[in-house]
Amino acid sequence: MLVQQILKSKGDSAVITITPQTKVSEAAQILAERRIGGLVVSRDGEGVEGILSERDIVRSLAVRGVACMTETVSEMMTRNPVCCSRQDTSDAVLARMTDGRFRHMPVVEAGKLVGIVTIGDVVKARLEELAMEKTALEGMIMGY
Ligand code: AMP
């Protein structure tokens with residue numbers, strides 16, 4: 001399955017972004033309100049400068065304490081995150097996420113942010129694909 005099919009199945013393709021100057025406390029609020037685990041950091045909503053995950057916030061809280069909540073996202077985000085394109089396969093994305101130990105991947109086309117896929121999206125797509133393959137194989141064996 002291609003990333004573009006995953007984005008289509010998710011429906012609303014708008015990606016929630018924050019700027020590097022957003023306060024970490026505000027980013028945490030957005031993560032909680034939207035019930036998501038990561039935010040793409042972008043100055044203009046198109047270029048991808050970084051990614052901020054709930055894990056970054058938890059780690060900073062453990063290491064530096066609550067003072068980190070008043071810092072800007074630019075100090076905590078992962079810069080130049082690994083991105084994929086609409087034409088990448090779900091298997092390739094899953095392999096990159098597994099190798100890199102992260103669960104979010106911005107989708108970029110001609111330098112512009114067009115979506116985001118999570119490990120949950122990719123696993124769901126893979127399970128659906130496997131279920132279809134199983135039905136097709138059963139059909140062949142049973143001679144439907
Ligand atoms: P996650 O598992 O996505 O919540 O993130 C785990 C760690 O990987 C955090 O430090 C993130 O900032 C970082 N991270 C998340 N997504 C990416 C990505 N696509 N490329 C590089 N690093 C990432």
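Residues numbered from 1 in each chain as written. Predicted model: local features only at pLDDT ≥ 70, side-chain atom pairs only at ≥ 80, totals over all residues. Heavy atoms only, no water.

**Concerning the overall build of the protein chain**
Item 1. For the protein chain, the count of helices and strands is five helices and six strands.
Item 2. Helices (α) and strands (β) of the protein chain occur, in sequence order from the N terminus, as α-β-α-β-β-α-β-α-β-β-α.
Item 3. C-alpha extents for the protein chain along the principal axes are approximately 65 × 35 × 25 Å.
Item 4. By the burial criterion, 36% of the 144 residues in the protein chain qualify as buried. (Helix = DSSP H or I, 4+ residues; strand = E, 2+ residues; numbered from the N terminus. Buried < 20%, exposed > 50% of the residue type's maximum accessible area, 1.4 Å probe, protein only.)

**Observations concerning the UniProt feature "domain: CBS" (unreviewed entry) in the protein chain**
Item 1. UniProt records the feature "domain: CBS" (unreviewed entry) for residues 11-68 and 77-132 in the present numbering.
Item 2. Secondary structure content for residues 77-132 is 45% helix and 27% strand, and the end C-alpha separation is 39 Å. (UniProt positions renumbered as here; feature names shortened; annotations may be inferred.)

**A closer look at the pattern of salt bridges**
Item 1. Considering all chains together, one arrives at ten salt bridges under this definition.
Item 2. A salt bridge links Glu46 to Lys112, with the shortest nitrogen-to-oxygen separation between them at 4.0 Å. Pair noted here: Glu46 is in the loop between strand E2 (38-41) and strand E3 (50-53) and Lys112 is in strand E6 (residues 112-118), with a separation of 66 residues, a long-range link.
Item 3. The class for Lys112 is partly exposed, based on a relative accessible area of 42%.
Item 4. Note that Arg126 is salt-bridged to Asp91, the shortest N-O span being 3.4 Å. (Salt bridge = Lys/Arg side-chain N within 4 Å of Asp/Glu carboxyl O.)

**Things to note about helix H1 (residues 3-10)**
Item 1. Turning to H1, its buried residues are Val3, Ile6 and Leu7. Mapping the buried residues of H1 onto a view down its axis gives an arc of 100°, with all of them on the same face. Those residues of H1 that are exposed and angled more than 90 degrees off the buried face are Lys8 and Ser9.
Item 2. Lining the buried residues of H1 we find helix H4 (90-100), strand E5 (104-109), E6 and helix H5 (119-142).
Item 3. Gly11 sits one or two residues past H1 and shows a positive phi near 75°. (Arc of directions from axis to C-beta. Contact = heavy atoms within 4.5 Å.)

**Re the environment of Met142**
Item 1. In this fold, Met142 is placed in helix H5.
Item 2. Along the primary structure Met142 and Thr72 are separated by 70 residues, whereas in three dimensions their C-alpha atoms are 61 Å apart.

**A short note on the site of the ligand**
Item 1. Taken together, 14 residues lie around the ligand, and Ser53, Asp56, Thr78, Arg103 and His104 are the ones closest in.
Item 2. The side chain of Ser53 places a nitrogen or oxygen atom 2.5 Å from an oxygen atom of the ligand.
Item 3. In isolation the ligand exposes 480 Å². Once the protein is present, 91% of that is buried.
Item 4. Its residues assigned to classes, the shell around the ligand comprises six nonpolar, three polar and five charged. (Near = heavy atom within 4 Å. Polar contact = N/O pair within 3.5 Å; in protein donor to acceptor, adjacent residues only side chain to side chain. Areas by Shrake-Rupley, 256 points an atom, 1.4 Å probe, with all protein chains shown as cover. Nonpolar A, V, L, I, M, F, W, Y, C, P; charged D, E, K, R; others polar.)

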